[in-house]
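A structural walkthrough
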Amino acid sequence: MAKLNLSSLAQASQIAVKQDADAEIDIDLIDVKVQVRRKFVGIDDLAESIGQHGIMYPLIVHVQENGRYRLICGERRIRAARLKQLKSVPVLLKRGLTEAQIRALQVAENVDTDPLSAFDEVTGVAEDIEAYGPAEAAKIWNRKAAWISKRAGFKGFASEVQELMIEGVCQDLEVLGSINQLKKTPGGEAYAKSVIAKFKRGESVSREGVRELVARVKAHEKTQKDAKEGADLFKDDEPTSRAKPKSGSNKKLHKLREELNKTGLTLADQFKTEQALMTELDQPLQEGEWVLWSSFQTVLLPVLDALSKDRAASYLRRLANEIKTKSAEELYVELHGGEDIRSAADTTPSMAKGWEL
Amino acid sequence: MKTIAIANQKGGVGKTTLARNLSFYAIEKKLRILCLDFDPQKNFTKTLRNFRARNNLSGDGLAGVSIASELFNEKTKQLIPLDCGKGASLIASERGLVDVGELHLDALMHPRTALASIASQYDVCIIDTAPTLGKPLYAALIASDFVVCPCDVDQDATDGLTDLFDDISRVKQMGWNPGLTPLGVVVTKVNSRRAHDMQGIEDLREALGDLIFKNVLFERAATKVAKDRAVWQSTKGESHLAAAREMKAVCKEIFAKAGV
């Protein structure tokens, strides 16, 4: 008797079990449970956008026992869809969830897919602070004072920064706060602009990234201030010596960079020699590793110490990232030109236009 | 109410047998069960009617109750299933089901809506379907949460299954019932002495993985003969006992997977 031919059955079954996220269901089958304190601003605009591009992100619904669907996330989208009189909407199906699990999903998703809930929250808090004061507001929202004050600040943010939240581009108050700080700090405006541009390009912006920028700008501000104060202190003593250091300093910097280049190569040789010596001495594996590792730290830690703490972390992080996909030699050649580590074309490369860490 | 359709486009694979035993299993578990017969052959209906008679319920149970074809009629205001006793109710199959084929496609959605109106009264609904691709089968797929597919180790049966899975996919992708979940395939009528059958089970497991239920139904006289009662009722003899064990195991597995 012939063996069963099951290949098309296997295929057909694979497709049948898929929980298809692109499923569209009749909009009238979706029940929306009324939510507390909801202000829906901008539904008309969202409806316009849906009219043009359709709904880009599926709504999340829960399959109910009665065969209908209960909306978990996407109230703005469904309102806009109803405004546009759409017959069906794309959904992601969930089933068998408890009330608590549904709520957890709503809380988790709200910030990501329903931008104005963050805005609602922030304006709601601001209103409550105005009406009742921060202490009462904390009670109303059942939150600690820090949570309230974080949101209180939003109203004072630059309009560009507020816009980021209103358009649903960024709902992270920490990031928005940092960007606002950059705008306020001298020298930070350019950084603020570049971060905002990243958002507009849909690129990700991390909290730490912006925080580092703030730290850097503030550190820079401080050193400038200190330098100025220092210079001011000696202003009356050596008026002419202020003009000279400018050109002299440039030469010094250039010379220093060249020296550092040589130092780097020297260090490379020294590490190579160290490895050769370990082999000669036939040290056990861990011993050899230890010697290399401790030498590595001996050389690098003083350098990291000389840089600020935030710099140390971000430099190492960036290097760690780059070394994942490119070899040290490749990175070096990118930086200095030439063919390999020994033959740098330019020992003091200039900053490329628009470069940022 | 969790709705489970029993389906396979090939006849004689054991759909009604499974529907019957699942219903008895539910009754014994004291669940409120709605039996829906979408097969014009009316075998499922007969079993439930006889059950009703044994429960000494009055009347012939034909007047004033809803029948299967009414589910397709949007004018049907209220659904009144036939009470068969011990928590079981029936919406019987009758000739009208044949005419359902003439109805407009829209009618296919009505059974789902109609069942929704009484969903709160039951824990589980079992739909026995006809071995033909037709409007009642589609309507059953649209109305159900789950589909269980009995299938014997036979090329025609597995080919029929392929078509059924295609239909399930269509029902989902067209948005008629995107939540429809194939619960799995119950291998039936297995002859343990035939190498072909035993190999077939292995091949099915390999092809469908988790979609094949762990428990299979072997070909046994007891399974075939028990039309009006559960296979496990009044067992006589070893083969009967085995049949009883197997059927109970399958029912348990189905309900467990469906979360009933």
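Model, not experiment: these values are computed from the prediction.

Another point: the confidence of the model for chain B. On average, residues of chain B score 91 in pLDDT, and 99% of them reach the 70 mark or higher. We note a pTM of 0.56 for the whole complex and an ipTM of 0.82 for its interfaces.

All names here are of chain B. Mapped onto the secondary structure, G85 falls in strand β3 (residues 82-85). Here G85 falls in the buried class, since its relative accessible area comes to 9%. In this structure, G85 is in contact with F51, N55 and L57, ignoring residues within four places of it in sequence.

This brings us to the nonpolar core. What tends to happen in soluble globular proteins is that the nonpolar side chains get buried as a cluster. Residue and element names in this part refer to chain B. Membership of the largest hydrophobic core comes to 57 residues, with the highest contact counts inside it found for F38 and F165. If one sorts the elements of this core by residue count, helix α5 (residues 135-143) sits on top with 7 residues. Those residues within four positions of F38 in sequence are excluded, and the remaining contacts are A68, L71, F72, L97, P111, I127, D128, T129, A130, P136, A139 and A140. Judged by nonpolar contacts, the second largest core, of 42 residues, contains V65, V148, F213 and A244.

What follows is about the interface of chain B and chain A. Across the boundary between the two partners, chain B contributes 33 residues, which contact 27 residues of chain A. Roughly 2500 Å² is buried in total at the junction of chain B and chain A, and carbon and sulfur atoms are behind 57% of that figure. It is B:R112, B:P178 and B:H196 in chain B that bury the most area against chain A; as a group they hold 18% of the surface buried on that side. In this structure, the connection of chain B to chain A is made through 1 salt bridge. Summed over the shared surface of chain B and chain A, the number is 5 residue pairs in polar contact (both at pLDDT 80 or more). Residue contributions to the side of chain B that touches chain A peak at 10 residues, all from helix α6 (residues 155-173) of chain B. Here the residues of the side of chain B that touches chain A sort into 14 nonpolar, 12 polar and 7 charged.

Attention now moves to the side chain of A:S178. Residue and element names in this part refer to chain A. Positionally, S178 belongs in helix α9 (residues 173-184). Residue class for S178 comes out buried when judged on its relative accessible area of 7%. When sequence neighbours within four positions are dropped, the list of residues in contact with S178 reads V210 and V214.

What follows deals with a negative patch on the surface. Residues and elements named next belong to chain B. Negative charge collects at one region of the surface, where D156, D159, D163 and D166 lie side by side. In this fold, D159 is placed in helix α6. Given a relative accessible area of 35%, D159 falls into the partly exposed group.

What follows is about the packing of aromatic side chains. All names here are of chain B. Going through the model one piece at a time under the given rule, you end up with 7 aromatic pairs over all chains. Note on F24 and F51: the rings are 5.8 Å apart at their centroids and 65° apart in plane angle, and the pair reads as edge-to-face. A residue pair is termed long-range when its members are at least 10 positions apart, and F24 in helix α1 (residues 15-28) and F51 in helix α2 (residues 43-54) qualify at 27 residues. Ring centres 6.2 Å apart and planes at 80° place the aromatic pair Y138 and W176 in the edge-to-face group. Note that Y138 is positioned in helix α5 and W176 in the loop between α6 and β7 (181-188), a separation of 38 residues in sequence. Here Y138 falls in the buried class, since its relative accessible area comes to 11%.

Each value, and the rule that gives it
Every chain is numbered independently, its residues counted from 1 as its sequence is written. Each chain is given a letter, starting from A, and each ligand a number, starting from 1, according to the order in which they appear as written. Where totals are concerned, whole chains, interfaces and linings use all residues; where local detail is concerned, this predicted model gives features only for residues with pLDDT of at least 70, and gives and counts side-chain atom pairs only at 80 or more. Water and hydrogen atoms were dropped before computing side-chain values, which therefore reflect all heavy atoms in the structure. A score from 0 to 100, pLDDT tells how confident the predictor is in each residue. Here a helix means four or more residues in a row that DSSP labels H or I, a strand means two or more in a row labelled E, and each is numbered from the N terminus. Each residue's exposure class comes from its accessible area (1.4 Å probe, protein chains only) as a fraction of the maximum for that residue type: buried when under 20%, exposed when over 50%, partly exposed otherwise. In what follows, a contact means two residues having at least one pair of non-hydrogen atoms within 4.5 Å. Here, nonpolar core refers to any group of buried Ala, Val, Leu, Ile, Met, Phe, Trp, Tyr and Cys residues whose side-chain atoms link them within 4.5 Å. Buried area, as used here, totals the accessible surface that two parts lose on assembly, with accessibility defined by a 1.4 Å probe and the loss added over both. Any carboxyl oxygen of Asp or Glu within 4 Å of a side-chain nitrogen of Lys or Arg constitutes a salt bridge here. Under this definition, polar contacts are N or O atom pairs within 3.5 Å; protein pairs additionally need one hydrogen-donor-capable and one acceptor-capable atom, and for neighbouring residues in sequence, both atoms have to be side-chain atoms. Residue classes follow a fixed rule: Ala, Val, Leu, Ile, Met, Phe, Trp, Tyr, Cys and Pro count as nonpolar, while Asp, Glu, Lys and Arg count as charged, and any other residue, Gly among them, counts as polar. What goes into a patch is any residue over 30% in relative accessible area without a salt bridge, connected to like charges within 9 Å or, for nonpolar side chains (Val, Leu, Ile, Met, Phe, Trp, Tyr), within 5 Å. For the accessible areas, the method is Shrake-Rupley and the probe is 1.4 Å, while residue cover comes only from the protein chains on display. Charge counting follows a simple rule: Lys and Arg are positive, Asp and Glu are negative, and His as well as the terminal groups are ignored. Charged groups are reduced to one reference atom each: NZ for lysine, CZ for arginine, CG for aspartic acid, CD for glutamic acid. Between rings of Phe, Tyr and Trp, where Trp is taken as its six-membered ring, a pair exists when centres lie within 6.5 Å; planes separated by under 30 degrees are stacked, by over 60 edge-to-face, and by other angles tilted.

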